[in-house]
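Examining the three-dimensional arrangement
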Amino acid sequence: MAVVSQQPRASSRLVSPPGESVVDRFLRYVRIDTQSQEDQSTTPSTKKQWTLANQLVDELRQLGASNVRASESCVVYASIPSNLPAGSGRVPAIGFLAHVDTSPAVSGANVRPLIHRNYRGGDIQLPGESQVITVAQNPLLAELIGDDIITTDGTTLLGSDDKAGVAAIMTLVDLLARNPDIRHGPISIGFTPDEEIGSGIDKFDVGAFGAEFAYTVDGGELGEINEETWSARLATVTIRGRSTHPGTAKGVMINAIHALAEYLGKLPGDMLPETTDDRVGFVHPYTGVLDVETSTVKILLRDFELSGLEAKETLLRDIGTETERAHPGVSITIDVKENYKNMKEILKDHPELTANAFEAARRAGVTPFMKPIRGGTDGSKLTFRGLPCPNIFTGGHNFHGKTEFNSRRGLEKTTETLLHLVQIFAEQGNDGTSSR
Ligand SMILES: [Zn+2]
């Protein structure tokens, strides 16, 4: 059994291995450059994402998946019909999603994956650009002793984010095709472009996807399951003063830049991204325009709790009022927009989704744990569009960088977890224990 161990609760049934191992599949996909690009008017943002998308369409067809197609915006859809016997209990259609693109931050061209077989511990020196994966910065390496670690040569990212997710889902399709005895309900498969620039999911057709729930397979460390994201808003603070020729400015000029400086100085130092972690939210001024007449600053507001987010918005408005008072003649307006909301707001009503993911991980021999994401996911947008969508680990580390890595066990255990997950939903339907 190269990939799939026996599941504890099943009888002595063995699982036939996939036609291609998840590791080989992964190594093939990471060699395809699918980097996305910011500020493009089209989806996909880069044509090269089509190379992998088209290949996935071909491979899904070869593996016997149904309704395989790519939309004009490069979203790949497929489905696998239920193989439950007639008269079985109702099993919901569940979906699996991964994204084909890689981060614009680091080149994804000419990725040369390296396998460090039977890792013995210690820092991993990569050949290119003196990149080192250190134990000091990656204490999790201690858990990977004896595993085969997959890195790049140090000149590009690896693209495990999210080709690990793509490879695990494709291997699931392969395994189900080869093991008709494995019982499962209807399954929807989706591969999306432009996740890294946040726009690809807008073109995703939830109705056509056809699932009641889904999982993005786009997480990190083995066992990590996410059902919480930030609730996120963006504040644009506009400070208006009065410009005049500086030679004749006395008593006339009101310099908005000074008011902006004071405004920023009043932001609490312990409420910034560089001073917070875990469940503590922040305000983050990240860009702006300095000008005597009109200065602006854009500030991200992030919190896991809506009440915390509200408090941050109130704080920004209060600081505005104080700053106006301290700078007579200055007027300050604060415009706040919602970016996205914590998907837990919806997922709390579907506790079986994360409970089943936990059980699937345990059956795969992985210890599951919940971790809130200090960011957003495609799943958080989908959750609010009617497709509740927690996120599952892929075994990957150091996303968006040249020291990105995954491992054989990471890829295999992710795949096993998905395989158990579809069976758990099927068992619940048959037991009549489904929560629906
Ligand atoms: Zn990702």
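Note that the structure is predicted; figures quoted are calculated from it, not measured. (Residues numbered from 1 in each chain as written. Predicted model: local features only at pLDDT ≥ 70, side-chain atom pairs only at ≥ 80, totals over all residues. Heavy atoms only, no water.)

**Concerning the overall build of the protein chain**
From N to C terminus, the protein chain includes ten helices and 17 strands. Since a compact globule built from 436 residues should have a radius of gyration of about 22 Å, the 25 Å found for the protein chain is in line with a globular shape. In terms of overall dimensions, the protein chain has C-alpha extents of about 90 × 55 × 40 Å along its principal axes. Sorting the 436 residues of the protein chain into buried and exposed places 55% on the buried side. The long-range fraction of contacts in the protein chain, counting pairs at least 24 apart against all pairs at least 6 apart in sequence, stands at 79%. Summed over its atoms, the accessible surface of the protein chain is roughly 18,100 Å², and 49% of this surface lies on carbon and sulfur atoms. Taking the 43 positively charged and 56 negatively charged side chains of the protein chain as two groups, their mean positions are separated by 2 Å. (Helix = DSSP H or I, 4+ residues; strand = E, 2+ residues; numbered from the N terminus. Rg over C-alpha atoms; globule rule 2.2 N^0.38 Å. Buried < 20%, exposed > 50% of the residue type's maximum accessible area, 1.4 Å probe, protein only. Contact = heavy atoms within 4.5 Å. Areas by Shrake-Rupley, 256 points an atom, 1.4 Å probe, with all protein chains shown as cover. Lys, Arg positive; Asp, Glu negative; His and termini not counted. Charge placed at Lys NZ, Arg CZ, Asp CG, Glu CD.)

**What to know about the side chain of K413**
For K413, the location among the structural elements is in helix α10 (residues 408–431). Among the polar contacts made by the side chain of K413, one reaches the main-chain carbonyl oxygen of A364 at a distance of 2.8 Å. Within polar-contact distance, the side chain of K413 engages the side chain of E416 at 3.4 Å. (Polar contact = N/O pair within 3.5 Å; in protein donor to acceptor, adjacent residues only side chain to side chain.)

**Observations concerning the confidence of the model for the protein chain**
For the protein chain, the mean per-residue pLDDT works out to 94, and 95% of the residues sit at or above 70. Ignoring residues within four places in sequence, the model shows residues 1–12, a span with pLDDT below 50, making 27 contacts including any to other chains. Confidence drops under pLDDT 50 across residues 432–436; counting only partners more than four residues distant or on other chains, this segment forms nine contacts. (pLDDT = per-residue confidence, 0-100.)

**Overview of empty space enclosed by the protein**
Tallying each qualifying case throughout the model produces three cavities of 30 Å³ or more. The volume enclosed by the largest cavity comes to roughly 60 Å³. Elements with a contribution of two residues or more to the lining of the largest cavity: β3 (94–99) and α9 (378–384). Top contributing element to the lining of the largest cavity by residue count: β3, with three residues. Here the residues of the lining of the largest cavity are counted per class, giving two nonpolar, five polar and three charged. (1 Å grid on protein atoms, 1.4 Å probe; cavity = no way out; pocket = protein on both sides within 12 Å on 5 of 7 lines; lining within 4 Å. Points joined across faces, edges and corners; volume = space filled by probe spheres on them. Nonpolar A, V, L, I, M, F, W, Y, C, P; charged D, E, K, R; others polar.)

**Some thoughts on the layout of surface pockets**
Considered as a void within the structure, the largest pocket measures approximately 1,100 Å³ in volume. Contributing to the lining of the largest pocket are 32 residues, with E195, I373, G376, T377 and H400 lying nearest its centre. Taken together, the elements giving at least two residues each to the lining of the largest pocket come down to β10 (224–226) and α9. It is α9 that contributes the most residues to the lining of the largest pocket, three residues altogether. Looking at the lining of the largest pocket residue by residue, the classes come out as six nonpolar, 15 polar and eleven charged. By volume, the second largest pocket is sized at about 240 Å³. Forming the walls of the second largest pocket are 15 residues, and the residues nearest its centre are E143, L144, E221, L222 and R409. For the lining of the second largest pocket, the per-class residue count stands at five nonpolar, seven polar and three charged.

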